[in-house]
Amino acid sequence: MSLRTKGIWMLALFIIFIIFTSFIIDKERSELSNDTAQIQAVHIAEETQFSLYMSVARAVLIVNENHGNKDTSAAARRIAIEIDAILAGLNGLVASHSSIANDIAALQKNLTDLDSHPSLVVIIDVRNNLHQLIIDLSDISAMHRKAESFWMTQYNRTFQRLSLEWTLFAIFGVVTLGSLVMIFITRLAWDIRRVQDRALQIVEGYRGEPLAVTRNDELGSLMEGINRMQLELRQREIQVELSRQQQFHKEKMAAVGSLAAAVAHEINNPLSAIVGLSQGMSDLKASNQCNGGQGVCQPEALQVQARRVMEITRQIFEFSAPQSAEAKLLDLNNLISSTAKFVSFDRRFRSIDLVLALDPQLPAVYAVGDHITQVLMNLLINAADASDGRAEPRPRVVLSSHRDECGVVITVADNGPGMEPAILTRVFEEFFTTKPPGKGTGIGLAVSKSLIEAAGGSIAIASELGAGTTVTIKLPATTPDIDHIEENKYARTGSR
């Protein structure tokens, strides 16, 4: 979810909250309006009843004034006028208060009697009915006061509830939405700081664990980009280091080759002379002029030693000769033998038994010879370093080759101290080494793994504490199509 989408969701939640709050508040306001309307209705009914009550009171006064009047007809007319006014008010009140229906009927009868035969008895009956009406109107007034009290209580409760809901919704909105915004901004700022710190660490050379991606928005994409940048930088640095190591190896081997060629040239000249002299001695011996082959006349021993020196110089020359940087068919056994012979001159192998167990039926493999040489030298030197300073049991390194169903297998096994499982899992990591400073950079096995995999093979290490270490290299025995090789060579030549 992008930051924009999150913002839209937060806005949508805010709008939903406002709509929900408005709905609740509107409902409460409707109840409050209803309570107000009921109170107003009660007030109107009270005002109507008060007017009617005043009319009845005035009629009672008129009745009392005319009670002793001898002119009953005149008194009846005045009283009838008041009763008409009272009946007009009562007819509007009877719809909501049926209890006054009897009062209305009694007053209507009194009104008829006053018109038909006015008398003191009728006037007294009118007064009694008016007194009863006052009692009934008092009961209605009590009902109105009770209704007014009820609706006022309802109004107060609704108003208090509305005020409380307003307060709670305001607090909830401020606290919840404010907290969400603060959490969002705080986490965003924290993650931006993490990205910033990691970018600075990468610039300063950090190549450890990648940054934990904890988001799925644009900032999460930036985190993934930082991790990809770190990985790309690490891979490029590894490639640069591999190229540097390979270039250094080539330059070193070229320097050794130049030195070996010069040494071989300088040694071969006197050795040729020695061989020539020894041949002359052999001729003397054949002509019986060598005192029976005794003393200094031992040409065979001289020739053996001279040929041994020449063989050594030839091996050095062949090993140090410039190798092609392109893959080609290799005699793997010959390459293994010459590498082992060359490495055996290292002082670290003076106390080590270097044993070769090569399969004579080994097929040719298609690889870069200099790369295989570099890998074998790394493995042999590692085996020698593992046994450095140990006399018993006598250090032993076995370099073997054989064929299996997958191709060609080369093993380098030593009887050194072995490795712990925690170290064994990290041996192919770049710049990881257990050697003391100055004896290793931690790049040798990483380079070897890269070179073997580039040749289509694999490399694995098995080790056990106290039992030694075995490195197994597997290379494919199948060779590419010759026509395809020639086509590639032609294409490379044409491109140059």
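Calculation notes
- Residues numbered from 1 in each chain as written.
- Predicted model: local features only at pLDDT ≥ 70, side-chain atom pairs only at ≥ 80, totals over all residues.
- Heavy atoms only, no water.
- Helix = DSSP H or I, 4+ residues; strand = E, 2+ residues; numbered from the N terminus.
- Buried < 20%, exposed > 50% of the residue type's maximum accessible area, 1.4 Å probe, protein only.
- Contact = heavy atoms within 4.5 Å.
- Areas by Shrake-Rupley, 256 points an atom, 1.4 Å probe, with all protein chains shown as cover.
- Phe/Tyr/Trp six-rings, centres within 6.5 Å; stacked < 30°, edge-to-face > 60°.
- Patch = residues over 30% accessible without salt bridge, like charges linked within 9 Å, V, L, I, M, F, W, Y side chains within 5 Å.
- Salt bridge = Lys/Arg side-chain N within 4 Å of Asp/Glu carboxyl O.
- Pairing = 2+ DSSP bridges.
- Axes fitted to C-alpha atoms, helices over the stretch in contact; angles between N-to-C directions.
- Expected span 1.5 Å × (residues − 1).
- Core = buried A, V, L, I, M, F, W, Y, C linked by side-chain atoms within 4.5 Å.
- Polar contact = N/O pair within 3.5 Å; in protein donor to acceptor, adjacent residues only side chain to side chain.
- Parallel < 35°, antiparallel > 145°, perpendicular 65-115°, else oblique.
- Left-handed = near helix turned anticlockwise from the far one by under 90°.
- Nonpolar A, V, L, I, M, F, W, Y, C, P; charged D, E, K, R; others polar.

Caption draft 1: Spatial organisation of the overall build of the protein. A count of helical and extended segments in the protein gives 11 helices and 7 strands. Buried residues in the protein amount to 32% of all 496 residues. Contacts in the protein between residues at least 24 apart in sequence constitute 71% of all its contacts with a sequence separation of at least 6. Per element, the accessible surface of the protein, about 29,600 Å² overall, is 59% carbon and sulfur.

Caption draft 2: Up close: the packing of aromatic side chains. With the rule as written, the count across this model stands at 5 aromatic pairs. The interplanar angle of 75 degrees and the centroid separation of 5.1 Å between the aromatic rings of Phe150 and Trp151 together place this pair among those described as edge-to-face. For the pair Tyr155 and Phe159, a centre-to-centre distance of 6.4 Å together with 15 degrees between the ring planes defines the contact as stacked. Within this pair, Tyr155 and its partner Phe159 are both found in helix α4 (residues 120-203), separated by 4 residues, close to a single helical turn. Taking relative accessible area as the criterion, Tyr155 reaches 26% and is therefore assigned partly exposed. Given the relative accessible area of 43%, Phe159 is considered partly exposed. Three or more aromatic residues link up through ring pairs in this structure, and these residues are Phe17, Phe20, Phe169 and Phe172.

Caption draft 3: Fine view of a nonpolar patch on the surface. Among the surface-exposed residues, Leu11, Phe14, Ile15, Ile18 and Ile19 lie close enough to one another that they form a single nonpolar patch of about 460 Å² accessible area. Tracing the chain through its elements places Ile19 in helix α1 (residues 3-65).

Caption draft 4: Spatial organisation of the environment of Ser119. You can see Ser119 is positioned in the loop between α3 (101-116) and α4. In this structure, the C-alpha to C-alpha distance between Ser119 and Ser73, residues 46 residues apart in sequence, is 7.7 Å.

Caption draft 5: Examining the sheet that holds strand β5 (residues 407-414) more closely. Strand order in this open sheet of 5 strands is β2-β4-β5-β7-β6, and the pairing throughout is mixed. With partners counted over all chains shown, the strands left at the sheet margins are β2 (353-358) and β6 (458-464), one partner each. Going across the sheet, the axis of each strand differs from the next one's by a mean of 15 degrees, ignoring polarity. Sheet topology places β6 next to strand β7 (residues 468-475); 7 bridges connect them, and they run antiparallel. Its bridge partner being in β7, Ala460 is matched across the sheet by Thr472.

Caption draft 6: Broad picture of helix α7 (residues 332-343). Between its first and last C-alpha atoms α7 spans 16 Å; for 12 residues at 1.5 Å apiece the expected length is 16 Å, and the two agree. Among the residues of α7, Leu332, Asn333, Leu335, Ile336, Thr339, Ala340, Phe342 and Val343 are the ones counted as buried.

Caption draft 7: Representation of the nonpolar core in the model. Residues Leu332, Ile372, Leu399, Ile410 and Ile473 are the most contacted members of the largest nonpolar core, which totals 38 residues. Here the element with the most residues in this core is helix α8 (residues 369-386); it accounts for 8 residues. Discounting residues that sit within four places of it in the chain, Ile410 has contacts with Leu332, Ile336, Leu376, Leu399, Ser400, Ser401, Val471, Thr472, Ile473 and Leu475. If you look at the next biggest cluster of nonpolar residues, it comprises 28 residues, including Leu52, Val56, Ala76 and Ile83.

Caption draft 8: Examining the pairing of β7 more closely. Both β5 and β7 contribute to a ladder of 7 bridges, which runs antiparallel. When the bridges of β7 are listed, Asp414 appears paired with Thr469. The hairpin turn running from β6 into β7, its antiparallel successor, is 3 residues long, and Gly466 in that turn takes a positive phi close to 85 degrees.

Caption draft 9: How the structure looks around the environment of Ser338. Examined against the element boundaries, Ser338 turns out to sit in helix α7. According to the relative accessible area criterion, Ser338 is partly exposed, its value standing at 24%. Remark: the alpha-carbon pair of Ser338 and Thr373, spanning 35 residues in sequence, is separated by 9.1 Å. Here Leu335 takes part through its backbone oxygen, which lies 3.0 Å from a polar atom of the side chain of Ser338.

Caption draft 10: Representation of the packing of α7 against α8. One way to put it is that α7 packs onto α8 with a least axis distance of 10 Å and a crossing angle of 45 degrees. When the axes of α7 and α8 are compared, the pair comes out oblique. In the packing of α7 onto α8, the handedness of the crossing is right-handed. Contact with α7, carried on its side by Leu332, Leu335, Ile336, Thr339, Ala340, Phe342 and Val343, involves Gly369, Ile372, Thr373, Leu376, Met377 and Leu380 of α8 and no other residues of that element. In the contact of α7 with α8, the residues fall into 10 nonpolar, 3 polar and no charged.

Caption draft 11: Main features of the packing of α1 against helix α2 (residues 72-93). Orientation of α1 relative to α2, taken along the N-to-C sense of each, is 160 degrees, at an axis distance of 9 Å. Between α1 and α2, the angle falls in the class roughly antiparallel. In the crossing of α1 with α2, the sense of the turn from one axis to the other is left-handed. Judged by residue contacts, Leu52, Ser55, Val56, Arg58, Ala59, Ile62, Val63 and Glu65 of α1 engage Arg78, Ile79, Glu82, Ile86, Gly89, Leu90 and Leu93 from α2. For the contact of α1 with α2, a count of residues per class yields 9 nonpolar, 2 polar and 4 charged.

Caption draft 12: Spotlight on the pattern of salt bridges. A complete count under the given rule lists 8 salt bridges for this structure. With a closest N to O distance of 3.7 Å, Arg187 and Asp191 form a salt bridge. Here Arg187 pairs with Asp191, and both are found in helix α4, just 4 residues apart, close to one helical turn. Residue classification places Arg187 among the partly exposed residues on the basis of a relative accessible area of 39%. Residues joined by salt bridges that share partners form a network here, namely Arg187, Asp191 and Arg194.

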